[in-house]
Amino acid sequence: MASLKVPSNVPRPEDDAEQLHKAFSGWGTNEKLIISILAHRNAAQRSLIRSVYAATYNEDLLKALDKELSSDFERAVMLWTLDPAERDAYLAKESTKMFTKNNWVLVEIACTRPALELIKVKQAYQARYKKSLEEDVAQHTSGDLRKLLLPLVSTFRYEGDDVNTMLARSEAKILHEKVSEKSYSDDDFIRILTTRSKAQLGATLNHYNNEYGNAINKNLKEESDDNDYLKLLRAVITCLTYPEKHFEKVLRLSINKMGTDEWGLTRVVTTRTEVDMERIKEEYQRRNSIPLDRAIAKDTSGDYEDMLVALLGHGDA
């Protein structure tokens, strides 16, 4: 029986691992070589490279990268090289720490990852940190924020397209009543947002818009200028119904102000490149009249810029 031949244009993890090891050897690190390999490999390929590297050189590739790289470039390469569930677990843990506290990250992970992926994130979190994500969220939040975030990270949403129109109509009415009463942390309000499928929620919010003449986020925005809970509530709704709009906003705020928010920029590029970056790029171009890669190139420099721009073109590679 003839053996299957691997196409010559498919990169071999053994070759990639060897080239990466060479990039770390000698005087100075060959950052360009690192970018040329890792920025052009998908999640499965990167996982294989890590396995081969560990078996061949008796060292974790991530530890080697950590020793050789620094600053924002290191963060971009490290986040990209991590398995997606590991990466989300790391970002979630980071978002609960005192000095990097960022509830937006928890909302993104809970609301834009498919249900099975969210379970993998929570498994990776337990394996790495020896406690559950829910434990840490409960410990590091309080009041209305905890009331919203805890069920969000705990949920297992139905992912089918089935929609109950009568339910959408009745729950749109509940949401409108709670908004009118400014009861934004009401149990039913939170229950609807944290348990319904995205398709069901989309139908409910469409009915809300049609029946009451305003999108729910527009109603919430009028109250949310100095209210962190309401800002987070709006982010939940956007992430569940129109994620590219949320990520475009994060990118716009990261690169269109005095001083770049490299953490936000790096997070969105590394977590969304293999998911919905093409839609995010379209949304960014529509909203800002400049291609995202050009906006990033104007606001970053050096190896960090090269890595991010390479990742933006990852789907075209």
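Worth saying up front: this structure is predicted, and the values here are computed from it rather than measured.

It is not clear to me how the overall build of the protein chain should be interpreted in this structure. Could you clarify?
A count of helices and strands for the protein chain gives 20 helices and 0 strands. Taking 317 residues into account, the globule formula puts the C-alpha radius of gyration at 20 Å, and the protein chain, at 22 Å, falls close to it. For the protein chain, the spread of C-alpha atoms along the principal axes amounts to about 65 × 50 × 45 Å. When each of the 317 residues of the protein chain is scored for burial, the buried share is 47%. Considering only residue pairs separated by 6 or more positions, the protein chain has 67% of its internal contacts joining residues 24 or more positions apart. For the protein chain, the exposed area adds up to about 16,200 Å²; of that, 49% sits on carbon and sulfur atoms.

Sorry if this is basic, but what is going on with the layout of surface pockets here?
Empty space among the atoms can be located by rolling a probe the size of a water molecule over them. Of the pockets and cavities examined, the largest pocket occupies roughly 1,200 Å³. The element contributing the most residues to the lining of the largest pocket is helix 16 (residues 243-255), with 8 residues. Residue classes in the lining of the largest pocket are distributed as 12 nonpolar, 13 polar and 18 charged.

How should the packing of helix 19 (residues 292-299) against helix 20 (residues 302-312) be read in this particular structure?
The angle between the axes and the distance between the axes are what describe a pair of packed helices. The contact between helix 19 and helix 20 brings their axes to 10 Å, and the two run at 175°. Between helix 19 and helix 20, the angle falls in the class roughly antiparallel. Here Leu292, Asp293, Ile296 and Ala297 of helix 19 come into contact with helix 20, specifically with Glu305, Leu308, Val309 and Leu312. Classifying every residue of the contact of helix 19 with helix 20 by side-chain character gives 6 nonpolar, no polar and 2 charged.

What counts and what doesn't
By convention here, each chain's residues receive numbers from 1 onward along its written sequence. Local features in this predicted model are restricted to residues whose pLDDT is 70 or higher, and side-chain atom pairs enter the listing and the counts only when it is 80 or higher, whereas totals over whole chains, interfaces and linings include all residues. Think of the side-chain values as coming from all heavy atoms in the structure, minus any hydrogens and water. The numbering of helices and of strands both runs from the N terminus, where a helix is a DSSP run of H or I of at least 4 residues and a strand a run of E of at least 2. Put simply, the radius of gyration uses C-alpha atoms, and a globule should come to 2.2 Å times the residue count raised to 0.38. Residue burial is assigned from relative accessible area. The probe radius is 1.4 Å, only protein chains are included, and a residue is buried under 20% of its type maximum, exposed over 50%, and partly exposed in between. Here, residues are in contact when the closest pair of their heavy atoms is within 4.5 Å. Only the protein chains shown count as cover for residues, and all accessible areas are computed by the Shrake-Rupley method using a 1.4 Å probe. Think of a 1 Å grid over the protein atoms and nothing else: a 1.4 Å probe that fits but is trapped marks a cavity, an open set flanked by protein within 12 Å on at least five of seven lines marks a pocket, and residues with an atom within 4 Å of a point count as lining. Grid points are joined across faces, edges and corners, and a volume is the space filled by probe spheres set on the points. Under the convention adopted here, Pro, Cys and the residues Ala, Val, Leu, Ile, Met, Phe, Trp and Tyr are nonpolar, Asp, Glu, Lys and Arg are charged, and Gly plus all remaining residues are polar. Simply put, an axis is a line fit to the C-alpha atoms, just over the touching stretch for a helix, and the angle between two N-to-C directions goes from 0 to 180 degrees. When describing relative orientation, an angle under 35 degrees is termed roughly parallel and one over 145 degrees roughly antiparallel, while 65 to 115 degrees is termed roughly perpendicular and anything else oblique.

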